[in-house]
Amino acid sequence: LTPQPGALVHCKTFTTCSRAPTALRLAFRAVATVPRSPPVTHAVRSTGSPTATSRLSLSNNKHHRTSSSGTNHRFLPSSSSASRAHTRAASATMSTEASNVDGTPADVFLEDLRSDESMAWVTAENARALASIVGPGKPEDDPMYGRLRAIYDDKKKIPGIRLRGDFVYNFWQDEDHVKGIWRRTSMEDFKREEPEWETVLDVDALAKDEGKSWVWKGPNFLDYGPGQEKRKDRCVIKLSDGGTDACSVREFDVVTKAFIAPEDGGFALPESKNNFSWVDRDTVWVGFDFGEGTMSPSGYPLTVREWKRGTKLEDSAEIWRGEPTDVVASGMAYWDKSTYYKVWYRAATFYDTVHFAEHKGEMVKVDIPTDFSFGTYSDHVVIHCKSDWEVAGQTFVSGTVVVHPQDTFLAGSRDQFTVLYTPKDDRCTYGGSSETKDYMLIHTLENMVTVVYVWKYDPSNDVKFTLVKTFTAENCQSFSASGVDSALSNDLFVTTDGFLNPVTLSTATAPDLEVSTLLKTNTQWFDPAGMSVSLQEATSDDGTKVPYFLIKGTGVEEGGKPVPTVLYGYGGVLISMTPG
C-alpha cells in the first residue's frame, strides 16, 4: 500500500476472516498533516470483515440493532450472544505460568474481586501501567489529558435517547454524575438547545445509600400491547455491583420514580447471571441459578421459568430447558406491532444458535441453519443468511435478508419469501435493519458507502413489502436511521458522522430519509478548513482491491512533498470501521 503523500488512509477488506488470506486481514487508516516536529507516529492494527456490523442488545424483551437513538428492528439472539459469553469465559480461564503449592494459579485470589489482596494487585498494576505510559509524572501533566478530558466531559455532546410513552429517556454520565443519572424529558423539550431534564434515578446516590458500586445496565419496559402502546409505567432495572456480568433485577415504577419492593409484590432477582422477560404485567420469564443443572459451563442460565407476581421465585414453574453443554439458553415474549411472539433459543456453541417459537399453542423449532440470525417484523419472520441457503428450490447467497409470513413459516411453508436484500458482490454487506410503523429500513455497506433500502409494509396488499426508496449517504459519512416510535409513527431519528464533521442528530419521516430537520450537533473540536476526505483503492499482492479513506491535512496539496503519515486500522470480532 502506497498512500498519497500527506494522507489519512482508512482501508477495509471485504472478505470474511475465515476465508481471507492473512495479508488481507490487515487494513490501514493513515493520518497525515503538514510536516512538523515531532514526527507523526504510526499505528497499524488489523481489521476483520464488515459482515457483522449489527449490534445486538436486549431492550424491552427484544433484541435489535441499536444506535444512539430510537427503536430498531428486532433480531433474536444469535451467535453474537454466545460469542460474548465465550469471550468472558476465555478471559476467566486465562492462567499464568506461576502456581501455588496446591496447583492452583498464583493469581487465583483475583476470583474474589473485592478482597484486599485483589485491590492491592489492581493498585499496583495501575501504577505500573501509568508509569510505562507517562513516566514519572502524572497523566494530568500532559496537555493532551486536559484536551481529552474536555471532550469526554463535554455537556454539549448529543444524549442517546429512547422514546418511552410521553418521554424521551437518557442515561447520562459526567464529572458530576460518575455512576450516572437516568433522566427524561418530553420530545418537544428535547428539541430545545437546553432541555429541562427530570431525574428519574440517581445511580450515584443509590450506590451511596446502599453501599454498592452500582453500574447501570439499563431498563426493560413492560409492553402492554396494541391499543396501549404509549402506556409505559413499569420496567425492571438491571444494576451490576462493580460492572460484572452478575446483575440484580428490580421492578421500578417510572410514575412514582421508585423501586417496588418484593414485599409489595415487586419482581426482583438477586445479583446473579440471569435473564428476564415480561410476559404481562403480573407474569415474567426468568433464567436464574436454581441449583444443579440450571446453569451452563460458561455460567449462564439454561432454564426458563414462569414466575407469577406475589409468588416465591423458587416456586416458579420451569417451561423450557437447554442442553447441559449449551453456552446459554433463554426465552422471551413480546409484541411486534399487532403480533404476539413467544420464542426460545439455545446457543449450542459460540457460533450456533437453535431457535424455537410458539405456533398455535405449541413450541416448534425454527428450521433454519444455526449460524443464521432470526428476527421478526410485525407478522413476518426476518432471516439473515450467514451462509448460502438452498431451500424449497431457491438459493439465497450469504448475506441475503428475507422475510416470510410467520404463521405459514412456522407451519413449515417456504414458498412465500420476499428478498429484501442480496449483496451485489463481496464488497457489499448487510449492516442491520430498523423500522417505523409502516416501513422497514435495510442498512447496508456497499464498497464502504452506506446505502439504506426503504421497504413499505402494507398488510392489506397481496404483495406485503414494496421497495419504495434507496438512500445513499454522501461525502464519506456514516449514516443511520431508526424509528422514534415504531408502533405509532413513521418518524425517524437520523444520525450522521464523518472524519471531518461532528456527529449530528436529526429527525425525518419515512420514506424520505433525505429530508431531515437538524436537532443536535456535537462540538466541533478542530477546524476542518482546507482538509479533505476521499474514498480510494489500493491493490494487494494477490490482486484484491482494498478500499481506504484518504484524509488530507491543510496545506498538503500545496506542499507537493511527502509528509508524515499515520496508518490506522482495526481488526476484531467482525466489526467494521466506518467514517467518524
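Refer to the structure printed above.
Residues numbered from 1 in each chain as written. Predicted model: local features only at pLDDT ≥ 70, side-chain atom pairs only at ≥ 80, totals over all residues. Heavy atoms only, no water.

1. With respect to the pairing of strand E27 (residues 401-405)
As a reminder, the rule being used: Each residue is assigned to one of three classes by its accessible area relative to the maximum for its type, calculated with a 1.4 Å probe on protein chains only: buried under 20%, partly exposed between the two thresholds, exposed over 50%. Helix and strand definitions here come from DSSP, where helices need a minimum of 4 consecutive H or I residues and strands a minimum of 2 consecutive E residues; each element is numbered from the N-terminal end. The pairing criterion for strands is at least two bridges between them, as found by DSSP.
Within E27, five of the five residues are buried, which leaves the element mostly enclosed by the surrounding structure. Of the two faces of E27, both are covered, the one formed by Val401, Val403 and Pro405 as well as the one formed by Val402 and His404. As defined by bridge partners, strand E24 (residues 380-384) adjoins E27 across five bridges and the pair is classed as antiparallel. Looking at E27, one finds that Val382 is bridged to Val403. Inspection of the sheet shows E27 paired to strand E28 (residues 418-421) by three bridges, in the antiparallel sense. Within the sheet, the bridge partner assigned to Val403 lies in E28 and is Thr418.

2. Some thoughts on the pattern of salt bridges
Let me state the cut-off plainly: What counts as a salt bridge is simple: a side-chain nitrogen of Lys or Arg found within 4 Å of a carboxyl oxygen of Asp or Glu.
Taken as a whole and assessed by the stated rule, the structure comprises 30 salt bridges. Of the charged contacts in the structure, one is a salt bridge between Arg184 and Glu198, with a shortest N-O distance of 3.1 Å. Of this pair, Arg184 sits in strand E8 (residues 177-185) while Glu198 sits in strand E9 (residues 198-202), and the two are 14 residues apart along the sequence. Classification of Arg184 by relative accessible area gives buried; the value is 6%.

3. Quick word on the sheet that holds strand E30 (residues 439-446)
Under the convention used in this document: Axis geometry follows a simple rule: fit a line to the C-alpha atoms, using only the stretch in contact for helices, then measure angles between N-to-C directions, giving values from 0 to 180 degrees.
Taken in spatial order, the four strands of this open sheet run E29-E30-E31-E32, and their pairing is antiparallel. Every other strand in the sheet has two partners, leaving strand E29 (428-435) and strand E32 (465-472) as the edge strands with one partner each. With direction set aside, neighbouring strand axes in the sheet form an average angle of 25 degrees. Strand direction decides the pairing type here: E29 and E30, joined by seven bridges, are antiparallel. Counted as the bridge partner of Glu435 is Met440 from E30.

4. Some details on the packing of aromatic side chains
Rules: Between the rings of Phe, Tyr and Trp (Trp by its six-membered ring), a pair exists once the centres lie within 6.5 Å; its type follows the angle of the planes, with under 30 degrees stacked, over 60 edge-to-face, and the other angles tilted. By the criterion adopted, a ring carries a charge over it if an Arg CZ or a Lys NZ lies within 6 Å of its centre and within 35 degrees of its normal.
Counted under the stated rule, the structure contains 30 aromatic pairs. An angle of 90 degrees between the planes, with centres 6.4 Å apart, marks the rings of Phe350 and Tyr351 as edge-to-face. Judged by centre distance (5.4 Å) and plane angle (90 degrees), the ring pair of Phe372 and Trp389 falls under edge-to-face. On the criterion of sequence distance, the pair formed by Phe372 in the loop between strand E22 (362-365) and strand E23 (373-377) and Trp389 in strand E25 (residues 389-391) is long-range, its members being 17 residues apart. You'll find Phe372 and Trp389 in the same group, each marked buried. Over the face of the ring belonging to Phe167 we find Arg184, whose NZ or CZ atom lies 4.4 Å from the ring centre. If you follow Arg414 out to its NZ or CZ, it ends over the ring of Phe409, 3.6 Å from the centre.

5. Re the sheet that holds strand E35 (residues 504-509)
Here we have four strands laid out as an open sheet, ordered E33-E34-E35-E36, and antiparallel in their pairing. Two strands lie at the open edges of the sheet, namely strand E33 (477-483) and strand E36 (512-521), each paired on one side alone. Recorded for the sheet is a direction-independent mean angle of 30 degrees between the axes of neighbouring strands. Across seven bridges, E33 lies against strand E34 (residues 491-498) in antiparallel orientation.

6. A few points about the nonpolar core
Selection rule: To define a nonpolar core, start from buried Ala, Val, Leu, Ile, Met, Phe, Trp, Tyr and Cys residues and group those joined through side-chain atoms within 4.5 Å. In this analysis, two residues are considered to be in contact whenever any of their non-hydrogen atoms come within 4.5 Å of each other.
Val366, Ile368, Ile383, Trp389, Phe396, Phe409 and Phe417 are the most contacted members of the largest nonpolar core, which totals 25 residues. When contributions to this core are tallied by element, the ones reaching two or more residues are strand E19 (328-336), strand E20 (339-347), E24, E25 and helix H6 (406-410). Looking at this core, the element that brings in the most residues is E20, giving four residues. In this view, Val366 contacts His355, Phe356, Ala357, Phe374, Phe409 and Leu410; residues no more than four positions away in its chain are not counted.

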